[in-house]
Amino acid sequence: MAALSTEEALLQTLAELQALGFYAGFAGPGLALRHVKDYYGLDWPDVLAGARTPAGLDQLLLWPDERRVWCRDLEGVYPGEEAYATTLREWAGISRGLFEPQEVLERWHTPLGPVEVTWKAAGRAFRLDHPDGHDDFLHHLALMRQVNQGLRDPAYRFVACDDYPGDCRFVVVLHEREQRLLRGRGWSFCPLP
């Protein structure tokens, strides 16, 4: 992986990712790379060393692009945490204006569940049930399947990468064409239930 860790290779990678709309607010890959390094701080050398594949490097470089990328630990579904409601709002923030959930409500029927999550989007009502409060992991793929049904443009989809090199889940909204291009870079996406 040493060839990928050079400054020049990182700038080239970021330029390619910017061509796909990532880091859109940055004037060139140099500023995007500075943002990435600032985001990771002193951990940057270790983060970079953790990139085992080109797709892993892409994703580690993109994590700090909080306008386009959602990357979180999925554990955290507890009473009072509003994990699903928060996730829906955060996904709206990275949706490129394609997902605007309204009337988001997360109801716990008892402290151990079940949890019922409801929202409206694109004129439709949606509901997700998280059956057991002992399972404290966000059912992100089931949520994503429903969220995708409420996007304004069916050519776009929320996708979750199944090859992210960390313990978190990496989620982004992509056009069909962007998905094909990223698969060509080695990205792999989780199938939705």
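Before reading on, note that the structure itself is shown above.
Residues numbered from 1 in each chain as written. Predicted model: local features only at pLDDT ≥ 70, side-chain atom pairs only at ≥ 80, totals over all residues. Heavy atoms only, no water.

Novice: Help me out: how do you make sense of the packing of helix H5 (residues 83–93) against helix H6 (residues 140–149) in this one?
Specialist: H6 packs onto H5 with a crossing angle of 50° between their chain directions and a minimal axis gap of 12 Å. If you check the angle between H5 and H6, you find them oblique. The crossing of H5 and H6 is right-handed. Taking contact as the criterion, the partners of Tyr84, Thr87, Leu88 and Trp91 in H5 are, on H6, His140, Leu143, Met144 and Val147. For the contact of H5 with H6, the class distribution of residues is six nonpolar, two polar and no charged. (Axes fitted to C-alpha atoms, helices over the stretch in contact; angles between N-to-C directions. Helix = DSSP H or I, 4+ residues; strand = E, 2+ residues; numbered from the N terminus. Parallel < 35°, antiparallel > 145°, perpendicular 65-115°, else oblique. Left-handed = near helix turned anticlockwise from the far one by under 90°. Contact = heavy atoms within 4.5 Å. Nonpolar A, V, L, I, M, F, W, Y, C, P; charged D, E, K, R; others polar.)

Novice: Explain the packing of aromatic side chains here, please?
Specialist: Centre distance and the angle of the planes are the two values used to describe a pair of aromatic rings. One pass over the structure, following the stated rule, counts nine aromatic pairs. Relative to Phe26, the ring of Tyr23 has its centre 5.4 Å away and its plane inclined at 80°; by these criteria the two rings are edge-to-face. Taking the relative accessible area as the measure of exposure, Tyr23 reaches 1% and is therefore buried. Ring geometry for Phe99 against Phe158: centres 6.1 Å apart, planes inclined by 85°, an arrangement best described as edge-to-face. One end of the pair, Phe99, is in the loop between H5 and strand S2 (102–108); the other, Phe158, is in strand S5 (residues 156–161), and 59 residues separate them in sequence. Here the two residues Phe99 and Phe158 agree in accessibility, since each one is buried. (Phe/Tyr/Trp six-rings, centres within 6.5 Å; stacked < 30°, edge-to-face > 60°. Buried < 20%, exposed > 50% of the residue type's maximum accessible area, 1.4 Å probe, protein only.)

Novice: Got a minute to help me understand the sheet that holds S2 in this structure?
Specialist: Within a sheet, adjacent strands bond to each other through the backbone by hydrogen bonds, running parallel or antiparallel. A sheet is described by the order of its strands in space; here three strands give the open sequence S2-S3-S4, paired in antiparallel fashion. The open sheet has two edge strands with one neighbour each: S2 and strand S4 (124–130). Each adjacent strand pair in this sheet contributes to an overall mean axis angle of 10°, direction not counted. Of the strands in this sheet, S2, strand S3 (115–121) and S4 are in contact with H5, which crosses S2 at around 155°. (Pairing = 2+ DSSP bridges.)

Novice: What's the story with the environment of Asp58 in this structure? I'm lost.
Specialist: Residue position: Asp58 is located in helix H4 (residues 54–62). Classification of Asp58 as buried rests on a relative accessible area of 1%. Note: C-alpha distance between Asp58 and Arg180 (122 residues apart in sequence) is 15 Å. Ignoring anything within four residues of it in the chain, the contact list for Asp58 reads Thr13, Leu17, Arg185 and Trp187.

Novice: Where do I start with the sheet that holds strand S6 (residues 169–175) in this structure?
Specialist: Strand order across the open sheet formed by three strands is S1-S6-S5, with antiparallel pairing between neighbours. The sheet is open, and its two borders are formed by strand S1 (69–72) and S5, each paired with just one other strand. Averaged over neighbouring strand pairs, the angle between their axes works out to 20° when direction is ignored. Pairing between S1 and S6: four bridges, direction antiparallel. Its bridge partner being in S6, Trp70 is matched across the sheet by Val171.

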